Amino acid sequence: MIPTTTGDHHNRQHLPLHLRGPSPPPANKLTDCSKATKDSFRAKIEKREWNRSSNNGSTTGNDDVTLCSSSFDKISFHKDRNKRRVRRNLEADGIDNNEDVDGDSSEGGDDAKSSDSARGLTLDSVRESLIRQEDTIVFCLIERAKYPTNSPVYDGSVAGMSGSLVEYIVKETEALQAKVGRYESPEENPFFPENLPPSMVPPHDDPEVLHPSGTSININKTIWDMYFNQLLPLFVQKGNDGNYVPTAACDLHCLQALSRRIHYGKFVAEVKFIDAPEDYSPAIQAQDRATLMGLLTFEKVEEMVKRRVEKKAMVFGQEVCLNDEDDKKGKYKVDPSVVSRLYEEWVMPLTKLVQVEYLLRRLS
Ligand SMILES: C=C(O[C@@H]1C=C(C(=O)O)C=C[C@H]1O)C(=O)O
(Lines give C-alpha, C1' and ligand atoms only; values in the text may rest on other atoms or scores of the structure.)
Protein backbone atom coordinates (compact mmCIF):
# COMPACT_ATOMS: atom_id res chain seq x y z
CA MET A 1 0.00 0.00 0.00
CA ILE A 2 1.22 3.50 -0.79
CA PRO A 3 1.59 5.61 2.35
CA THR A 4 -1.22 7.99 3.07
CA THR A 5 -0.65 11.69 3.03
CA THR A 6 -1.87 12.05 6.60
CA GLY A 7 0.48 11.08 9.42
CA ASP A 8 3.46 10.85 7.10
CA HIS A 9 5.48 13.19 9.28
CA HIS A 10 5.39 10.37 11.81
CA ASN A 11 5.86 7.47 9.41
CA ARG A 12 8.72 9.04 7.51
CA GLN A 13 10.91 8.55 10.55
CA HIS A 14 11.03 4.89 9.59
CA LEU A 15 11.93 5.53 5.97
CA PRO A 16 15.57 4.94 5.08
CA LEU A 17 17.37 8.26 5.54
CA HIS A 18 18.16 8.66 1.88
CA LEU A 19 14.48 8.43 0.99
CA ARG A 20 13.37 11.09 3.42
CA GLY A 21 12.81 14.48 1.94
CA PRO A 22 13.07 17.66 3.97
CA SER A 23 10.98 17.41 7.14
CA PRO A 24 7.48 18.82 6.92
CA PRO A 25 6.52 20.81 10.00
CA PRO A 26 5.58 18.27 12.67
CA ALA A 27 2.03 18.66 13.95
CA ASN A 28 3.06 18.75 17.61
CA LYS A 29 5.35 21.69 16.89
CA LEU A 30 2.36 23.80 15.86
CA THR A 31 2.15 25.28 19.35
CA ASP A 32 5.70 26.64 19.03
CA CYS A 33 5.16 28.34 15.70
CA SER A 34 4.32 31.90 14.92
CA LYS A 35 0.70 32.57 14.02
CA ALA A 36 1.57 33.14 10.35
CA THR A 37 3.36 29.77 10.12
CA LYS A 38 0.50 28.04 11.90
CA ASP A 39 -2.04 29.57 9.56
CA SER A 40 -0.10 28.67 6.48
CA PHE A 41 0.44 25.09 7.67
CA ARG A 42 -3.21 24.75 8.67
CA ALA A 43 -4.28 26.12 5.27
CA LYS A 44 -2.19 23.46 3.57
CA ILE A 45 -3.72 20.71 5.69
CA GLU A 46 -7.21 22.05 5.00
CA LYS A 47 -6.47 22.19 1.31
CA ARG A 48 -5.35 18.57 1.36
CA GLU A 49 -8.49 17.57 3.23
CA TRP A 50 -10.57 19.42 0.68
CA ASN A 51 -8.78 17.68 -2.18
CA ARG A 52 -9.36 14.36 -0.52
CA SER A 53 -13.03 14.86 0.25
CA SER A 54 -13.80 16.38 -3.14
CA ASN A 55 -12.36 13.22 -4.61
CA ASN A 56 -14.48 10.93 -2.44
CA GLY A 57 -11.40 10.04 -0.44
CA SER A 58 -12.03 8.08 2.69
CA THR A 59 -9.64 7.13 5.41
CA THR A 60 -11.44 4.01 6.53
CA GLY A 61 -10.01 0.65 5.54
CA ASN A 62 -6.77 -0.04 3.75
CA ASP A 63 -8.09 -0.04 0.21
CA ASP A 64 -9.83 3.22 0.83
CA VAL A 65 -6.66 4.76 2.16
CA THR A 66 -4.76 3.72 -0.94
CA LEU A 67 -7.45 5.12 -3.17
CA CYS A 68 -7.55 8.29 -1.19
CA SER A 69 -3.81 8.65 -1.39
CA SER A 70 -3.59 8.21 -5.14
CA SER A 71 -6.59 10.46 -5.73
CA PHE A 72 -4.80 13.11 -3.72
CA ASP A 73 -1.68 12.58 -5.76
CA LYS A 74 -3.56 13.16 -8.97
CA ILE A 75 -4.91 16.48 -7.83
CA SER A 76 -1.93 17.90 -6.06
CA PHE A 77 0.71 16.61 -8.46
CA HIS A 78 -1.13 17.69 -11.56
CA LYS A 79 0.26 21.19 -11.78
CA ASP A 80 3.83 20.16 -11.18
CA ARG A 81 3.85 17.33 -13.64
CA ASN A 82 4.74 19.44 -16.63
CA LYS A 83 7.45 21.14 -14.63
CA ARG A 84 8.81 17.75 -13.74
CA ARG A 85 8.74 16.61 -17.34
CA VAL A 86 10.72 19.65 -18.42
CA ARG A 87 13.10 19.14 -15.52
CA ARG A 88 13.57 15.50 -16.42
CA ASN A 89 14.35 16.43 -20.00
CA LEU A 90 16.91 18.95 -18.78
CA GLU A 91 18.44 16.28 -16.60
CA ALA A 92 18.50 13.89 -19.47
CA ASP A 93 20.38 16.53 -21.42
CA GLY A 94 22.93 16.59 -18.64
CA ILE A 95 21.77 19.93 -17.26
CA ASP A 96 21.57 20.09 -13.49
CA ASN A 97 18.51 22.19 -12.81
CA ASN A 98 17.20 22.26 -9.29
CA GLU A 99 15.11 25.34 -9.69
CA ASP A 100 11.53 25.68 -10.70
CA VAL A 101 11.64 25.27 -14.41
CA ASP A 102 8.88 27.75 -15.12
CA GLY A 103 9.60 29.85 -12.08
CA ASP A 104 6.03 29.35 -10.91
CA SER A 105 6.02 28.73 -7.20
CA SER A 106 2.42 29.75 -6.75
CA GLU A 107 -0.46 27.71 -5.45
CA GLY A 108 -0.25 24.02 -6.16
CA GLY A 109 3.51 23.79 -6.57
CA ASP A 110 4.27 23.92 -2.85
CA ASP A 111 1.65 21.36 -2.00
CA ALA A 112 2.91 19.00 -4.63
CA LYS A 113 6.44 19.34 -3.31
CA SER A 114 5.50 18.84 0.33
CA SER A 115 3.42 15.76 -0.37
CA ASP A 116 6.22 14.42 -2.55
CA SER A 117 8.75 14.87 0.20
CA ALA A 118 6.40 13.55 2.86
CA ARG A 119 6.39 10.34 0.94
CA GLY A 120 10.15 10.75 0.71
CA LEU A 121 10.36 9.57 -2.88
CA THR A 122 11.67 11.83 -5.60
CA LEU A 123 13.62 10.95 -8.70
CA ASP A 124 16.44 13.07 -7.29
CA SER A 125 16.59 11.24 -3.94
CA VAL A 126 16.42 7.85 -5.62
CA ARG A 127 19.18 8.82 -8.07
CA GLU A 128 21.31 10.15 -5.20
CA SER A 129 21.06 6.75 -3.57
CA LEU A 130 22.14 5.06 -6.81
CA ILE A 131 25.13 7.40 -7.02
CA ARG A 132 26.15 6.57 -3.43
CA GLN A 133 25.76 2.87 -4.15
CA GLU A 134 28.31 3.25 -6.96
CA ASP A 135 30.94 3.95 -4.29
CA THR A 136 30.06 0.73 -2.47
CA ILE A 137 30.19 -1.31 -5.66
CA VAL A 138 33.53 0.12 -6.77
CA PHE A 139 35.06 -0.48 -3.32
CA CYS A 140 33.71 -4.04 -3.21
CA LEU A 141 35.29 -4.79 -6.59
CA ILE A 142 38.59 -3.29 -5.41
CA GLU A 143 38.48 -5.52 -2.33
CA ARG A 144 37.75 -8.65 -4.37
CA ALA A 145 40.61 -7.78 -6.76
CA LYS A 146 43.07 -8.19 -3.86
CA TYR A 147 42.75 -11.95 -4.28
CA PRO A 148 43.31 -14.12 -7.33
CA THR A 149 40.62 -16.38 -8.75
CA ASN A 150 41.00 -18.98 -5.97
CA SER A 151 38.96 -21.55 -7.86
CA PRO A 152 38.52 -23.97 -4.88
CA VAL A 153 36.06 -21.37 -3.53
CA TYR A 154 33.74 -22.25 -6.40
CA ASP A 155 34.36 -25.84 -7.43
CA GLY A 156 33.17 -27.67 -4.33
CA SER A 157 36.64 -29.00 -3.57
CA VAL A 158 36.92 -27.48 -0.08
CA ALA A 159 36.82 -30.43 2.32
CA GLY A 160 33.52 -31.14 4.10
CA MET A 161 31.32 -29.05 1.77
CA SER A 162 28.49 -30.56 -0.20
CA GLY A 163 28.29 -27.49 -2.48
CA SER A 164 30.78 -24.71 -3.06
CA LEU A 165 32.33 -22.67 -0.27
CA VAL A 166 30.92 -19.43 -1.64
CA GLU A 167 27.41 -20.87 -1.80
CA TYR A 168 27.73 -22.08 1.79
CA ILE A 169 28.94 -18.70 3.03
CA VAL A 170 26.24 -16.78 1.18
CA LYS A 171 23.48 -19.15 2.39
CA GLU A 172 24.61 -19.14 6.00
CA THR A 173 25.15 -15.36 6.07
CA GLU A 174 21.71 -14.78 4.60
CA ALA A 175 20.16 -17.08 7.21
CA LEU A 176 21.88 -15.17 10.01
CA GLN A 177 20.98 -11.78 8.56
CA ALA A 178 17.39 -12.89 7.96
CA LYS A 179 17.07 -13.59 11.68
CA VAL A 180 18.06 -10.03 12.46
CA GLY A 181 15.67 -8.57 9.93
CA ARG A 182 17.72 -7.85 6.80
CA TYR A 183 15.07 -9.11 4.42
CA GLU A 184 12.27 -7.22 6.12
CA SER A 185 13.63 -4.23 4.22
CA PRO A 186 12.17 -3.79 0.70
CA GLU A 187 15.67 -2.87 -0.49
CA GLU A 188 17.12 -6.28 0.29
CA ASN A 189 16.59 -9.48 -1.67
CA PRO A 190 18.17 -12.82 -0.74
CA PHE A 191 20.04 -15.08 -3.17
CA PHE A 192 18.67 -18.15 -1.42
CA PRO A 193 15.14 -17.21 -0.37
CA GLU A 194 14.10 -20.81 0.21
CA ASN A 195 13.87 -21.83 3.87
CA LEU A 196 15.15 -18.56 5.29
CA PRO A 197 14.51 -18.35 9.04
CA PRO A 198 12.00 -15.72 10.17
CA SER A 199 13.15 -12.40 11.57
CA MET A 200 13.48 -12.30 15.35
CA VAL A 201 13.47 -8.52 15.56
CA PRO A 202 10.17 -6.65 15.89
CA PRO A 203 9.03 -5.24 12.54
CA HIS A 204 9.37 -1.52 11.89
CA ASP A 205 6.21 0.40 11.44
CA ASP A 206 7.45 1.40 7.98
CA PRO A 207 5.12 2.94 5.44
CA GLU A 208 5.03 0.69 2.41
CA VAL A 209 6.63 2.68 -0.35
CA LEU A 210 6.48 -0.01 -3.02
CA HIS A 211 3.38 -1.49 -4.57
CA PRO A 212 2.91 -4.88 -2.85
CA SER A 213 2.90 -6.93 -6.04
CA GLY A 214 6.34 -5.57 -6.97
CA THR A 215 8.11 -6.44 -3.75
CA SER A 216 8.59 -10.12 -4.62
CA ILE A 217 10.56 -9.43 -7.82
CA ASN A 218 13.92 -11.11 -7.36
CA ILE A 219 16.43 -11.54 -10.20
CA ASN A 220 19.32 -12.68 -8.03
CA LYS A 221 19.82 -15.91 -10.00
CA THR A 222 20.66 -13.79 -13.05
CA ILE A 223 22.93 -11.56 -10.95
CA TRP A 224 24.71 -14.62 -9.51
CA ASP A 225 25.39 -16.04 -12.99
CA MET A 226 26.51 -12.70 -14.35
CA TYR A 227 28.88 -12.08 -11.44
CA PHE A 228 30.62 -15.46 -11.41
CA ASN A 229 30.60 -16.34 -15.09
CA GLN A 230 31.08 -13.00 -16.80
CA LEU A 231 32.27 -10.27 -14.47
CA LEU A 232 34.73 -12.01 -12.14
CA PRO A 233 37.04 -13.29 -14.91
CA LEU A 234 37.33 -9.71 -16.19
CA PHE A 235 38.91 -8.22 -13.09
CA VAL A 236 40.66 -10.87 -10.99
CA GLN A 237 44.09 -12.30 -11.71
CA LYS A 238 44.33 -16.02 -12.35
CA GLY A 239 45.89 -17.88 -9.43
CA ASN A 240 45.46 -19.42 -6.02
CA ASP A 241 46.80 -17.83 -2.83
CA GLY A 242 44.82 -19.98 -0.40
CA ASN A 243 42.75 -17.10 1.01
CA TYR A 244 39.49 -18.89 0.38
CA VAL A 245 37.27 -17.52 3.14
CA PRO A 246 38.23 -13.84 2.63
CA THR A 247 37.73 -14.35 -1.11
CA ALA A 248 34.24 -15.78 -0.61
CA ALA A 249 33.43 -12.97 1.86
CA CYS A 250 34.39 -10.41 -0.81
CA ASP A 251 32.17 -12.20 -3.32
CA LEU A 252 29.30 -12.01 -0.85
CA HIS A 253 29.77 -8.25 -0.47
CA CYS A 254 29.97 -7.71 -4.23
CA LEU A 255 26.83 -9.77 -4.77
CA GLN A 256 24.88 -7.96 -2.06
CA ALA A 257 25.93 -4.53 -3.34
CA LEU A 258 25.04 -5.39 -6.95
CA SER A 259 21.74 -6.97 -5.94
CA ARG A 260 20.73 -3.97 -3.85
CA ARG A 261 21.58 -1.56 -6.69
CA ILE A 262 19.79 -3.55 -9.35
CA HIS A 263 16.65 -4.17 -7.27
CA TYR A 264 16.61 -0.49 -6.43
CA GLY A 265 14.98 -0.28 -9.84
CA LYS A 266 11.72 -0.93 -7.96
CA PHE A 267 12.02 2.44 -6.22
CA VAL A 268 13.06 4.16 -9.45
CA ALA A 269 10.03 2.70 -11.21
CA GLU A 270 7.68 3.68 -8.39
CA VAL A 271 8.81 7.28 -8.47
CA LYS A 272 8.64 7.47 -12.25
CA PHE A 273 5.12 6.05 -12.15
CA ILE A 274 4.03 8.50 -9.44
CA ASP A 275 5.47 11.35 -11.50
CA ALA A 276 3.53 10.49 -14.64
CA PRO A 277 0.87 7.79 -14.17
CA GLU A 278 -0.90 8.96 -17.31
CA ASP A 279 2.22 8.18 -19.38
CA TYR A 280 2.81 4.73 -17.92
CA SER A 281 -0.71 3.41 -17.34
CA PRO A 282 -1.68 2.64 -20.98
CA ALA A 283 1.53 0.62 -21.50
CA ILE A 284 1.00 -1.16 -18.18
CA GLN A 285 -2.57 -2.02 -19.08
CA ALA A 286 -1.38 -3.32 -22.46
CA GLN A 287 1.52 -5.14 -20.71
CA ASP A 288 3.74 -3.54 -23.33
CA ARG A 289 7.32 -4.07 -22.21
CA ALA A 290 8.96 -2.26 -25.10
CA THR A 291 7.00 0.94 -24.54
CA LEU A 292 7.69 0.82 -20.81
CA MET A 293 11.38 0.33 -21.50
CA GLY A 294 11.34 3.35 -23.82
CA LEU A 295 9.52 5.52 -21.29
CA LEU A 296 11.83 4.78 -18.39
CA THR A 297 15.11 5.01 -20.32
CA PHE A 298 17.22 8.18 -20.16
CA GLU A 299 20.21 7.59 -22.39
CA LYS A 300 22.07 10.73 -21.37
CA VAL A 301 21.74 9.80 -17.69
CA GLU A 302 23.16 6.38 -18.53
CA GLU A 303 26.11 8.00 -20.33
CA MET A 304 26.85 10.07 -17.21
CA VAL A 305 26.60 7.00 -14.97
CA LYS A 306 29.16 5.14 -17.11
CA ARG A 307 31.57 8.06 -17.11
CA ARG A 308 31.19 8.61 -13.38
CA VAL A 309 31.79 5.00 -12.34
CA GLU A 310 34.85 4.85 -14.58
CA LYS A 311 36.19 7.97 -12.87
CA LYS A 312 35.39 6.56 -9.43
CA ALA A 313 37.34 3.42 -10.28
CA MET A 314 40.31 5.67 -11.19
CA VAL A 315 40.07 7.83 -8.06
CA PHE A 316 39.33 5.08 -5.54
CA GLY A 317 41.61 2.50 -7.12
CA GLN A 318 44.84 4.41 -7.62
CA GLU A 319 47.98 3.68 -5.65
CA VAL A 320 48.54 6.49 -3.19
CA CYS A 321 52.18 7.35 -2.50
CA LEU A 322 53.47 10.13 -0.27
CA ASN A 323 56.17 10.92 -2.75
CA ASP A 324 54.62 12.21 -5.98
CA GLU A 325 57.44 10.79 -8.08
CA ASP A 326 56.61 7.29 -6.87
CA ASP A 327 53.02 7.56 -8.10
CA LYS A 328 52.24 4.68 -10.38
CA LYS A 329 50.28 6.76 -12.83
CA GLY A 330 47.62 4.90 -14.75
CA LYS A 331 47.81 1.81 -12.55
CA TYR A 332 44.49 0.97 -10.95
CA LYS A 333 43.36 -1.82 -8.63
CA VAL A 334 40.41 -2.52 -10.89
CA ASP A 335 40.49 -1.58 -14.56
CA PRO A 336 38.15 1.47 -14.81
CA SER A 337 36.93 0.35 -18.23
CA VAL A 338 35.72 -2.92 -16.67
CA VAL A 339 33.63 -0.98 -14.17
CA SER A 340 32.13 1.12 -16.94
CA ARG A 341 31.44 -2.06 -18.91
CA LEU A 342 29.86 -3.70 -15.84
CA TYR A 343 27.38 -0.83 -15.67
CA GLU A 344 26.75 -0.66 -19.39
CA GLU A 345 26.27 -4.36 -20.03
CA TRP A 346 24.75 -5.61 -16.78
CA VAL A 347 23.97 -3.19 -13.97
CA MET A 348 21.89 -0.68 -15.92
CA PRO A 349 20.12 -3.21 -18.20
CA LEU A 350 19.22 -5.34 -15.16
CA THR A 351 18.04 -2.29 -13.20
CA LYS A 352 15.81 -1.43 -16.15
CA LEU A 353 14.57 -5.01 -16.31
CA VAL A 354 13.54 -4.72 -12.65
CA GLN A 355 11.82 -1.42 -13.45
CA VAL A 356 9.84 -2.98 -16.29
CA GLU A 357 8.87 -6.00 -14.17
CA TYR A 358 7.75 -3.69 -11.39
CA LEU A 359 5.71 -1.46 -13.68
CA LEU A 360 4.01 -4.45 -15.32
CA ARG A 361 2.62 -5.27 -11.85
CA ARG A 362 2.03 -1.69 -10.73
CA LEU A 363 -1.70 -1.61 -11.47
CA SER A 364 -2.54 -5.11 -10.33
C1 LIG B 1 17.77 4.36 -12.96
C2 LIG B 1 17.20 5.07 -13.91
O3 LIG B 1 16.58 4.47 -15.03
C4 LIG B 1 17.32 4.08 -16.14
C5 LIG B 1 18.46 3.28 -15.69
C6 LIG B 1 19.60 3.90 -15.32
C7 LIG B 1 20.57 3.22 -14.42
O8 LIG B 1 20.39 2.03 -14.14
O9 LIG B 1 21.49 3.88 -13.93
C10 LIG B 1 19.85 5.21 -15.74
C11 LIG B 1 18.97 5.89 -16.51
C12 LIG B 1 17.72 5.29 -16.98
O13 LIG B 1 17.86 4.93 -18.32
C14 LIG B 1 17.13 6.52 -13.87
O15 LIG B 1 16.39 7.10 -14.65
O16 LIG B 1 17.85 7.11 -13.03
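Residues numbered from 1 in each chain as written. Predicted model: local features only at pLDDT ≥ 70, side-chain atom pairs only at ≥ 80, totals over all residues. Heavy atoms only, no water.

Colleague: Give a description of the pattern of salt bridges that names residues and reports values.
Modeller: For side chains of opposite charge, pairing can occur when their charged atoms come near one another. As enumerated under the stated definition, the model contains 17 salt bridges in all. A salt bridge links Arg182 to Glu188, with the nearest nitrogen and oxygen atoms 3.1 Å apart. A residue is classified by how much of its surface remains accessible, and Glu188, at 10% relative accessible area, is buried. Residues participating in the shared-partner salt-bridge network are Arg132, Glu134, Asp135, Arg308 and Lys312. (Salt bridge = Lys/Arg side-chain N within 4 Å of Asp/Glu carboxyl O. Buried < 20%, exposed > 50% of the residue type's maximum accessible area, 1.4 Å probe, protein only.)

Colleague: Before we move on, could you go through the packing of helix α5 (residues 123-144) against helix α13 (residues 336-361) and cite the residues and values that matter?
Modeller: Packed helix pairs are specified by the crossing angle of their axes together with the interaxial distance, meaning the distance between the axes. Relative to each other, α5 and α13 sit at 125 degrees, their axes nearing to 11 Å. When the axis of α5 is compared with that of α13, the two are oblique. Taken as a pair, α5 and α13 cross one another with a handedness that is right-handed. The residues of α13 that touch α5, namely those facing Glu134, Ile137, Val138 and Leu141, are Val339, Leu342 and Tyr343. The residue makeup of the contact of α5 with α13, split by class, is 6 nonpolar, no polar and 1 charged. (Axes fitted to C-alpha atoms, helices over the stretch in contact; angles between N-to-C directions. Helix = DSSP H or I, 4+ residues; strand = E, 2+ residues; numbered from the N terminus. Parallel < 35°, antiparallel > 145°, perpendicular 65-115°, else oblique. Left-handed = near helix turned anticlockwise from the far one by under 90°. Contact = heavy atoms within 4.5 Å. Nonpolar A, V, L, I, M, F, W, Y, C, P; charged D, E, K, R; others polar.)

Colleague: Residues and numbers for the environment of Glu303, please.
Modeller: Here Glu303 lies in helix α12 (residues 299-316). Remark: the alpha-carbon pair of Glu303 and Ser340, spanning 37 residues in sequence, is separated by 9.8 Å.

Keep in mind these values describe shape, not function.
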